[in-house]
2 protein chains.
Amino acid sequence: MDETLKRRVLIEGVKPEIDCGRFPVKRVVGETVTVEADLFADGHDALSAVLLHRPEGEGDWAETPMEPLGNDRWRASFAVDRLGGFRYTVEGWIDRFGSWTRDLAKKVEAGQDVAVDLRIGAGLLRDAAGRAGRSDARVLRGLAAALEDDADPERRIALARDPETTALAGRWVDRSAATRYSRELAVVVDRERARFSTWYEMFPRSAAGGSKAGPARHGSFADVEARLDYVAGMGFDVLYLPPIHPIGRTHRKGRNNARKAARDDVGSPWAIGAAEGGHTAIHPDLGTLEDFRHLVEVARAKGIEIALDVAFQAAPDHPWVAQHPEWFRRRPDGTIQYAENPPKKYEDIVPFDFETESWRELWQALEDVFEFWIDQGVTIFRVDNPHTKPLRFWVWALGRLKQRHPETIFLSEAFTRPKVMYRLAKLGFTQSYNYFPWRNGKHELTEYFTELTRTEVAEYFRPNLWPNTPDILTEALQIGGRAAFVQRFVLAATLGASYGIYGPAFELMESTPRERGGEEYLDSEKYQLRSWDLERADSLRELIGRVNRIRRENPALQSDRDLVFHGVDNDQLLAYSKTARDPRGEVENAVLVVVNLDPHHRQSGSTALDLGALGIDPEGMDDRPFQVHDLLTDARYLWQGPRNYVELDPASVPAHVFRIRRRARTEEDFDYFL
Amino acid sequence: MDETLKRRVLIEGVKPEIDCGRFPVKRVVGETVTVEADLFADGHDALSAVLLHRPEGEGDWAETPMEPLGNDRWRASFAVDRLGGFRYTVEGWIDRFGSWTRDLAKKVEAGQDVAVDLRIGAGLLRDAAGRAGRSDARVLRGLAAALEDDADPERRIALARDPETTALAGRWVDRSAATRYSRELAVVVDRERARFSTWYEMFPRSAAGGSKAGPARHGSFADVEARLDYVAGMGFDVLYLPPIHPIGRTHRKGRNNARKAARDDVGSPWAIGAAEGGHTAIHPDLGTLEDFRHLVEVARAKGIEIALDVAFQAAPDHPWVAQHPEWFRRRPDGTIQYAENPPKKYEDIVPFDFETESWRELWQALEDVFEFWIDQGVTIFRVDNPHTKPLRFWVWALGRLKQRHPETIFLSEAFTRPKVMYRLAKLGFTQSYNYFPWRNGKHELTEYFTELTRTEVAEYFRPNLWPNTPDILTEALQIGGRAAFVQRFVLAATLGASYGIYGPAFELMESTPRERGGEEYLDSEKYQLRSWDLERADSLRELIGRVNRIRRENPALQSDRDLVFHGVDNDQLLAYSKTARDPRGEVENAVLVVVNLDPHHRQSGSTALDLGALGIDPEGMDDRPFQVHDLLTDARYLWQGPRNYVELDPASVPAHVFRIRRRARTEEDFDYFL
């Protein structure tokens, strides 16, 4: 029989806890972690509990007292104030002195004789004195003596119940039989951009400008630098470049994914590696490594981080194919095994054999690719198809990289099955692509974003919303015209604290697919240079800039935590809000978005607002009007109660982005009133 | 870098799993455990998975193949065919040959040349041959050669896709990189009575008979034997006796819980211990240990098990108080610390100090109490107030007892806070009292029993439903008259596979409380002898017997797994069903209960039946009438579809207990039809 059997407090139901503590929850610097747990013991004794927390690697726990919420549930919070990791757990114990004062009060109230009880209390105080420092011990012994000896019973009772007595006894409570929760749980703390980021993807080789007839020449990092003001002017803070490495020539794809490339075809940037080098080399037409570092610096000065694409696959002429044949599979006919997803073949790409006998060397070489680019100043990576590499490789590689470089952000490009997608987030990816591109209807948007933001998923999965990518020109964008672009853009930028667009295709509303029923772009930049008329009058550039400014000015839109959907009695109108709260939990900033999901027809309806969620009327008692200010059009409306009329015309602006003003001024706010 | 990094299959979301595998799930002999898990890997490879299971303590796992359910969910079942414990876990691996045949099929369908693919397949078969036994190896090598060499490509493809080839390759699949789920999960397997039991509680000291004026004398075990036919005749299979030990004289309580006992007052049986002995002694007026053993034997012959009450507390004159003063707390005035829940005092009872320095000896002595009575043939214990003893004591004691005596059943008497109640079940109690006595309305009954039977709770918590106990005369019974007794009885006996009544108070509809607003009986048997007129004409005895016969004849009522609530458009009518299914999942037996919850008024309404849940119309295609046979009244009705009229009068029988006849005979069943 073991001494731990004597620990009477039991702890269970700790939240947040992902998969029995196997995976950390995610936060950014400055956020808090609110922890709840069930704590209980046999019998009727009072309990005390603390939340223990410390930065990863530090020895001493900090303690925050937990508050009982009723039904044996307890809660406390702690702030994560630095990058890296934190740990937390819960400890609880029987509070003998607390039990005693509680029972004393009941007996006094029932008029019972408490003389013996006061002597019991004195004994508890003397026990505490035995554990206390010298001066507290003296005070505790004095209190104990007074509890037993003081002539006036009223005074003895008052002394026993004095909060200072309780506090002192609590300071020297006996925690030798305290129960510590069986697991230490982890938090990964990223920087703020992990939560709130605004991405722009562009092909640097198409940055050279040109005419509608075609590009002038292959773009370079210098051309990208020239494009930075355009990108910053729209309010983006991450500029993501598809792979910038030499492109394979063997089995190179032609325009529109033709099986054979023409002489001057540039090939797909994802067919990485050629005679000039592989994953740590730069395509000669883009510039030099020095040019790249210059771009990174200039961009940073304009508030933009350069994000690189990491695609762990090779063109057949990647130098590694000759240097490390053991990292690739061969077919029985001696040829190298190209990528395939039968019956589709990708002969311009060969996958690494992650299960090769030399897997240790391969894995290390791939980790080194990240290290190389981190050395060049890159802090954000978009990882191509992580779900086709062993998930344990990512656990290993991301774990090591985040330990050395906690500021690094990894965006997972996996449109795979839901459980694989979530597992990638759990195991270490900072942000994740997701199914937003294919969620168009009111019901499916509501259901999906409720799952992402109101369930445990929110603890580890940070969605990054892309209305388009070079691979995804959705049917909605193909057929919905300008209104569809605006709708999908407003949804992405306001449903998601992080979102991105692939431009200039997006702001110029490129909408022609290569083939009907497909999602590939016609004349896709994946296979050819393009030139874009950025000054086109119908560009969405200005709207994008306005929305990104709204995002910067409204903290509510910088987090996904407080997303709430509101009713509207029209299935084509979607209404939702986000809020930012002060440390006391009061709403400081509230944004209500209403989107007309129908790109063709004017839609109107009546809202059924959750006024509590908006911070207007948490008690359900306030029927004063409030002002809603449309930040897109600068129009202001006076609303009252949950039901208010909305009407949106896709021909003008198919969305409201309202900032809620808590209540409108009335005569009571006028100086002379009263 | 560790070899386990190479394991590409990941396993999560295993169900059932209670608190990260900390607690077992519960089954009875002959039941199955259906296990589900998420299994996935990177990429597109096909997976295989097995459920591993074995009796506790045996070395070798049995394997059952898991079936994919879609969305990476897999399922398999195993039967638990013996008392004690089982373990289970999940293992999965990449199925290379399966992936290959799947891809081959796609390529063949797309008309691609598969010559090289067939050579790859041949290589996989040769790999399998390397792992195979001699004769299988020969066959596999022959197949490999045929895949490469056979002149006819069609035949080679057919050979590759032959199920026998797949089966043979599967038999010798490479599982060296298989992933085993990180935890082994446990099942506690009880005997059937743990799931399906019918309890009758009575005070043996009131079994002597007598007149209305008062009891003839103190009852004895012989009187209980004489009462057995009465109990068996009503269909009970567990006879539960309150404590049968000597009763303390110090601070003995009088009739109706009077603080001072009169000279001839018998005291509360829960004030255990006196000069005659303690927890292993028998009250001299009840008989001898031999008499008790005789009672156990005679009862068993009539299909009744005797259940004893184990109350770990002592009267102040319990022999242990003198023999082991260190097992009790003293107050500063030298008196022993009596039980209290301030401001209430229970001076006839002293609690054990489970935290005494001598806790090891105390705990052992308490475990020995169980062993003593198990030696006398007792296999069922009702444990009094387990929540006022350290929960870890129960983990320790029940764990050891169940290991030695897996047939033993422990009923937890804890009407404490929900989480403590559930924890007691998790840690080892076989059955549990619960909040049924205070769930009266349609909404609260539906909600509570949905929680008990349709959530994870059902895996470890087996409710035992008591409409009354010696401590609980509910308000519903006090004010509802005979109808309330019948309603609460039918609810208990059909909502719960296990239920019990405290009689003869129940069947004789004793309904007068000691005081208004309380739940104590007037002239409670807890403090005095009573005599009961068992032959009273208005006794519920016959109804009880009928319902218990229905329970025995309808397997649907012998389990809580398949409880489903059905709609009725009247809030005073509650409708629910239970079903029993054959191994293929087809409904074999279905019982539909409709109860009028209003004890005063006739209520009628229209059902909204879930015909699928009743096994009548799982596909929603069958509109033929079906027969419902009221087993209480023997009336039969023809119903059709989900909507059917019901009307129940509390003045006659306030409930239907229908057995569903799958469909009524029509002309198509008549010989001459067709």
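If you're wondering where the values come from, they're calculated on a predicted model, not measured in any experiment. (Residues numbered from 1 in each chain as written. Chains lettered and ligands numbered in written order. Predicted model: local features only at pLDDT ≥ 70, side-chain atom pairs only at ≥ 80, totals over all residues. Heavy atoms only, no water.)

Each helix and strand in chain A was counted, giving 14 helices and 32 strands. With the principal axes as the frame, chain A shows a C-alpha extent of 105 × 75 × 45 Å. Residue burial in chain A is summarised as follows: out of 674 residues, 59% are buried. A sequence separation of at least 24 residues applies to 74% of the contacts in chain A between residues at least 6 apart. As displayed, chain A has an accessible area near 27700 Å², and 47% of this comes from carbon and sulfur atoms. (Helix = DSSP H or I, 4+ residues; strand = E, 2+ residues; numbered from the N terminus. Buried < 20%, exposed > 50% of the residue type's maximum accessible area, 1.4 Å probe, protein only. Contact = heavy atoms within 4.5 Å. Areas by Shrake-Rupley, 256 points an atom, 1.4 Å probe, with all protein chains shown as cover.)

What follows covers the packing of helix α2 (residues 115-131) of chain A against helix α3 (residues 134-149) of chain A. All names here are of chain A. Put simply, α2 and α3 touch, their axes get as near as 8 Å, and they point 170 degrees apart. Between α2 and α3, the crossing angle belongs to the class labelled roughly antiparallel. Along the contact surface, α2 presents L118, R119, G121, A122, L125, R126, A128, A129 and G130, while α3 presents A137, L140, R141, L143, A144, A145, L147 and E148. Class assignment for the residues of the contact of α2 with α3 results in 11 nonpolar, 2 polar and 4 charged. (Axes fitted to C-alpha atoms, helices over the stretch in contact; angles between N-to-C directions. Parallel < 35°, antiparallel > 145°, perpendicular 65-115°, else oblique. Nonpolar A, V, L, I, M, F, W, Y, C, P; charged D, E, K, R; others polar.)

Right, let's get into the packing of helix α1 (residues 96-109) of chain A against α2(A). All names here are of chain A. Interhelical geometry of α1 versus α2 gives an angle of 165 degrees and a closest axis separation of 10 Å. The angle between α1 and α2 falls in the class roughly antiparallel. The way α1 lies across α2 gives a crossing that is left-handed. Between α1, through R96, F97, W100, L104 and K107, and α2, the contact on the second element is made entirely by D117, L118, I120, G121, L124 and L125. Taken together, the residues of the contact of α1 with α2 sort by class into 7 nonpolar, 1 polar and 3 charged. (Left-handed = near helix turned anticlockwise from the far one by under 90°.)

Glancing now at the interface of chain B and chain A. With 62 residues of chain B in contact, the opposing surface of chain A contributes 62 residues. Summed over both sides, the interface of chain B with chain A buries roughly 6200 Å², with 55% coming from carbon and sulfur. Of all residues in chain B, B:M1, B:R392 and B:K419 give up the largest surface area on contact with chain A, accounting jointly for 13% of the area buried on that side. On the surface where chain B and chain A come into contact, there are 15 salt bridges. The residue B:R417 makes a salt bridge to A:D72 at a minimum N-O spacing of 2.7 Å. Counting the contacts that link chain B with chain A gives 24 residue pairs in polar contact (both at pLDDT 80 or more). In terms of residue class, the side of chain B that touches chain A is made up of 21 nonpolar, 10 polar and 31 charged. (Buried area = accessible area lost by both parts, 1.4 Å probe. Salt bridge = Lys/Arg side-chain N within 4 Å of Asp/Glu carboxyl O. Polar contact = N/O pair within 3.5 Å; in protein donor to acceptor, adjacent residues only side chain to side chain.)

Glancing now at the pattern of salt bridges. Residue and element names in this part refer to chain A. On inspection of all chains with the given rule, the structure shows 123 salt bridges over all chains. Between R530 and E510 there is a salt bridge, with its nearest N and O atoms 2.8 Å apart. Separated by 20 residues along the polypeptide, R530 in the loop between β24 (498-502) and α14 (541-553) and E510 in the loop between β24 and α14 bring together distant segments of the chain. There is no split in this pair, since R530 and E510 are both buried.

With that settled, the discussion passes to helix α11 (residues 418-427) of chain B. All names here are of chain B. Burial of α11 is extensive: 9 of the 10 residues sit out of reach of the surface. The set of residues buried in α11 consists of K419, V420, M421, Y422, R423, L424, A425, K426 and L427. Phi turns positive one or two residues past the end of α11, at G428, with a value near 150 degrees.

Moving on, we get to the confidence of the model for chain A. Mean pLDDT over chain A works out to 94, with 97% of the residues at or above the 70 mark. Scored as a whole, the predicted complex attains pTM 0.94, and scored at its interfaces, ipTM 0.92. (pLDDT = per-residue confidence, 0-100.)

All right, on to the sheet that holds strand β28 (residues 603-608) of chain A then. All names here are of chain A. Spatially, the 8 strands line up as an open sheet ordered β30-β29-β32-β27-β26-β25-β28-β31, and their pairing is antiparallel. If you trace the sheet from one side to the other, it starts and ends with β30 (636-639) and β31 (645-648), each paired once. Neighbouring strand axes in the sheet, compared pairwise and without regard to direction, differ in orientation by 35 degrees on average. As judged from the 9 bridges shared by strand β26 (residues 573-581) and strand β27 (residues 587-596), these two strands associate in the antiparallel manner. Its bridge partner being in β27, Y576 is matched across the sheet by V593. Where helix α13 (residues 475-495) meets the sheet, it contacts β25 (564-568), β26, β27 and β32 (655-661), and its direction lies at approximately 25 degrees from that of β26. (Pairing = 2+ DSSP bridges.)

On to the environment of A:R300, then. All names here are of chain A. Among the structural elements, R300 can be located in helix α7 (residues 289-301). Residues R300 and Y346 lie 46 residues apart in sequence; the distance between their C-alpha atoms is 36 Å. With near-sequence residues (within four places) excluded, R300 lies in contact with E305 and G377.

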